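Fold and contact review
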Amino acid sequence: MGSTTGAADDVALGNRKCFNGAHSWELGWYAAYNAEINPLTATFAGTLVGVDRVPNVLSCEKVVLKLTNSDKDFYVLYNHAVGANEGTYEHINMVTVTSMPTTTTATNVEATISAGSHATFSNWDGSGQSVTVSVTSIDADAATGAAEVEVWKGGINDRPALSPACAVAAPPPTSGPTSGPTSAPTSVPTSGPTSGPTSGPTSGPTLAPNPSPTSGPTFGPTSGPTSGPTSGPTLAPNPTPTSGPTSGPTSGPTSGPTSGPTLAPNPTPTSGPTSGPTSGPTSGPTSGPTLAPNPTPTSGPTSGPTSGPTSGPAIGPTLAPNPAPTPGPAPGPTSAPIASPTSTTVDRVSEVTGDPHFKTWKNEHFEFHGQCDMVMISDKHFANDRGIDIHIRTKIVRFWSYIQKAVIRIGNDILEIEGLPDFSASYWINYEHMGELTDLAGFPVSLNENTDRYTIDLGSLYPGEKIQIRTFKEFVGVKVLGASETSFGNSVGIIGDFHTGNTYARDGSTVMHDFTELGNEWQVLPSDGHFFHEISKPQFPEKCMLPENPQGQRKRRLGESTVSEEQAEAACAGLEDEFSRKGCVYDILATQDLDMVGAY
């Protein structure tokens, strides 16, 4: 906010972007509508409105909220993208928290918060205490847009009882009963008959049964004779003998002959085959074989492996493999191979890294040099339906791009990781920057001593499997190790199909060989969910940004380079696999930095 990107924007939007919260406060344009608190000693629960509402701001509404801090003050503002601010393209309709040191006018975005989310800042003003800014709701309507914001000392679980400044009081109860009955019937039938007749017909019958006899059949036999004949039979069986066959043999003789046989088997031998072997010999030969297997060896193949060797070779193979070796060789060769081969354990690796190099589940490689958020992996059934999403965010630098951030969601937990030039760790766990990091949805998470490799151990559910996120300066890479069909067999995303390695479109059937189209196909959509703690341009429906003529620019840059291709190849020669070596050489030539080998 507070700047334009060029004349085209000025023409199309009339330079309609406003300053961030810190600069807006300093300019004093909205001083009458601002508020200031020390969050260590005071709380805030109120409504922030966008600058477009000025001067029509209610007394309980604010434009900028300042949180005082001796080193740098924080400024909370609702970035409502309408009116004078409709040209903004970052953090649209979100609550932004910017900071400005007390000694300069440089500002920094500390957090961008969407509805239902929060940001917690640790060790506020050196006190050892945290401060939380929470957004309970956001209304983006052009006329009524506002954000409900709360601020308190402590973490998300330390929220005190707060009352919004613009809360609407509930109407008081009536002072007594009404002077007469209501003029309309009740909205649902009453649970039983009323104590007296109503003044008019009700909208439906009462829910309780009528205490007097009914004129039609009951749903079951009555406990005594009815006062008169019913208009139809009862729905339950009659306790006296029936004139037709019963559904099974009776416990005693019927009072008379039945009109048909019983449905249960006859205790005397049948003239045809029985459904299984009989407990003794029949009185005569049956007209066909029994339906159950004969306990003696059969003259043809059995439906499964036998528990021991047969007395002679079978005329066909068994239908399933024998679970254990036979005690000795068969007396003759089998006439056909076994029905199916045995299954094997799948152990695969997928990876995205550096100057975006993608490795599919089938170890095939491709590159995509656009800038946007993309779906690497998604599977809603992962980990017993907890679900997993891995999204990456790329950024263009000249004629190439790199992975700037990665975010992983498992169940209700979200871990976001970014790379920094000074090699320091920077992550958000459930939108809390550098919060306590122990696990992700129950899977242990560890950070190595160099703070450049995060490992999510999936072994408790998928033995031997893990997800690794590596950082090197600003570069981020994500690798899935030991993946099996059980864990990632149903996953979708830009790295392709687990079984075939095909890079499918979202329809799951169209194979895409143009990787620029593939990148745009797997750009994060609103239906995929937005898991990064802040929004970055471009977002769908705007397509991924592409560098201008990346191949031509690359050739020109290589002609001007100080690091040769031979030097790059020598620096990367020690890497184990071809994917890493090729990516390493490309990244060194693109960045002109031999140290890029450290990203692999």
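One structure accompanies this document, and this report is about it. (Residues numbered from 1 in each chain as written. Predicted model: local features only at pLDDT ≥ 70, side-chain atom pairs only at ≥ 80, totals over all residues. Heavy atoms only, no water.)

Quick notes on the pattern of salt bridges
The condition that has to hold: The salt bridge definition used is simple: a Lys or Arg side-chain nitrogen within 4 Å of an Asp or Glu carboxyl oxygen. Burial classification: accessible surface area is computed with a 1.4 Å probe over protein chains only, and a residue below 20% of its type maximum counts as buried, one above 50% as exposed, and the rest as partly exposed. Numbering of helices and strands runs from the N terminus; a helix is a DSSP stretch of H or I covering at least four residues, while a strand is a stretch of E covering at least two.
With the rule as written, the count across this model stands at ten salt bridges. Between Arg159 and Glu150 there is a salt bridge, with the nearest N and O atoms lying 2.8 Å from each other. With a relative accessible area of 41%, Arg159 lands in the partly exposed category. A relative accessible area of 8% places Glu150 in the buried class. Across the pair Lys405 and Glu534 runs a salt bridge, and its minimum N-O distance is 3.2 Å. Taken together, the positions of Lys405 in strand β16 (residues 400-410) and Glu534 in the loop between α5 (515-521) and α6 (550-560) put the pair 129 residues apart, joining distant regions of the chain. Overall, Lys405 belongs to the buried group, its relative accessible area being 4%.

A look at the pairing of strand β15 (residues 388-397)
The cut-off we apply is this: Between any two strands, pairing holds if DSSP finds at least two bridges.
Taking burial as the measure, the ten residues of β15 include seven buried ones, the bulk of the element. Sheet topology note: the strand β14 (residues 373-379)/β15 ladder contains six bridges and is antiparallel. Paired with Val375 across the strands is His391, a residue of β15. Direction of pairing for β15 relative to β16: antiparallel, over a ladder of ten bridges. In the sheet register, Ile396 faces β16, and the bridge partner there is Ser401.

Side note on the nonpolar core
Side chains of a nonpolar character, in soluble globular proteins, are inclined to be buried together. As a reminder, the rule being used: By convention a nonpolar core is built from buried Ala, Val, Leu, Ile, Met, Phe, Trp, Tyr and Cys residues, the set being connected through side-chain atoms within 4.5 Å. Contacts are assigned to residue pairs with any non-hydrogen atoms lying within 4.5 Å of each other.
Ranked by internal contacts, the top residues of the largest apolar core, which has 49 residues, are Phe382, Leu415, Ile456, Ile467, Ile469 and Phe488. In this structure Ile467 touches Ile388, Ile390, Ile408, Tyr454, Thr455, Ile456, Leu458, Val478, Lys479 and Val480, once residues within four positions along its chain are discounted. Counting residues in each nonpolar core, the second largest holds 22 residues, with Ile37, Ile113, Phe121 and Ala147 among its members.

Structural notes on the packing of aromatic side chains
The criterion, for reference: Stacked, tilted and edge-to-face are the three classes applied to pairs of Phe, Tyr and Trp rings, where Trp contributes its six-membered ring and a pair requires centres within 6.5 Å; stacked means planes under 30 degrees apart, edge-to-face means over 60, and tilted covers the rest. For a ring to carry a charge above it, either NZ of a lysine or CZ of an arginine must fall within 6 Å of the ring centroid while also lying within 35 degrees of the normal to the ring plane.
Under the defined criterion, the tally for this structure stands at 15 aromatic pairs. Directly above the aromatic system of Phe532 lies the positively charged group of Arg393, at a separation of 4.2 Å from the ring centroid.

Some details on the side chain of Gln539
Short version of the rule: Polar contact criterion, stated in full: a pair of N or O atoms within 3.5 Å, where within protein one must be able to donate a hydrogen and the other to accept it, and residues adjacent in sequence count only if both atoms are side-chain atoms.
The topology assignment puts Gln539 in the loop between α5 and α6. A distance of 3.0 Å separates a polar atom in the side chain of Gln539 from a polar atom in the side chain of Asp373. Setting aside anything within four residues of it in sequence, one finds Gln539 in contact with Asp373, Arg393, Gln523 and His530.

What to know about the sheet that holds strand β5 (residues 72-78)
Basically, it comes down to this: To obtain each axis, a line is fitted to C-alpha atoms, and for helices this fit is confined to the stretch in contact; angles are then taken between N-to-C directions over 0 to 180 degrees.
The five strands are arranged β1-β4-β5-β6-β7 in an open sheet whose pairing can be described as mixed. One side of each edge strand has no neighbouring strand; the edge strands of this open sheet are β1 (35-37) and β7 (108-113). Each strand of the sheet is rotated relative to its neighbour by a mean of 20 degrees, with strand direction disregarded. Direction of pairing for β1 relative to strand β4 (residues 64-67): parallel, over a ladder of three bridges. Directly across from Ile37, in β4, lies its bridge partner Leu67.

Some remarks on the sheet that holds β16
Overall, antiparallel pairing links the six strands, which are arranged β14-β15-β16-β17-β18-β19 in an open sheet. Looking along the sheet, the strands with just one partner apiece sit at the ends: β14 and β19 (432-433). As paired strands, strand β17 (residues 413-418) and strand β18 (residues 427-429) are joined by three bridges and run antiparallel to one another. Within β18, the position partnered with Glu416 by the bridge is Trp428.

Overview of the side chain of His118
In this structure, His118 sits in strand β8 (residues 118-121). Residue classification places His118 among the buried residues on the basis of a relative accessible area of 15%. Leave out the neighbours within four places in its chain, and His118 touches Ile113, Thr132, Val133, Ser134, Ile156, Asn430 and Tyr431.

By themselves, these figures tell us nothing about what the structure is for.
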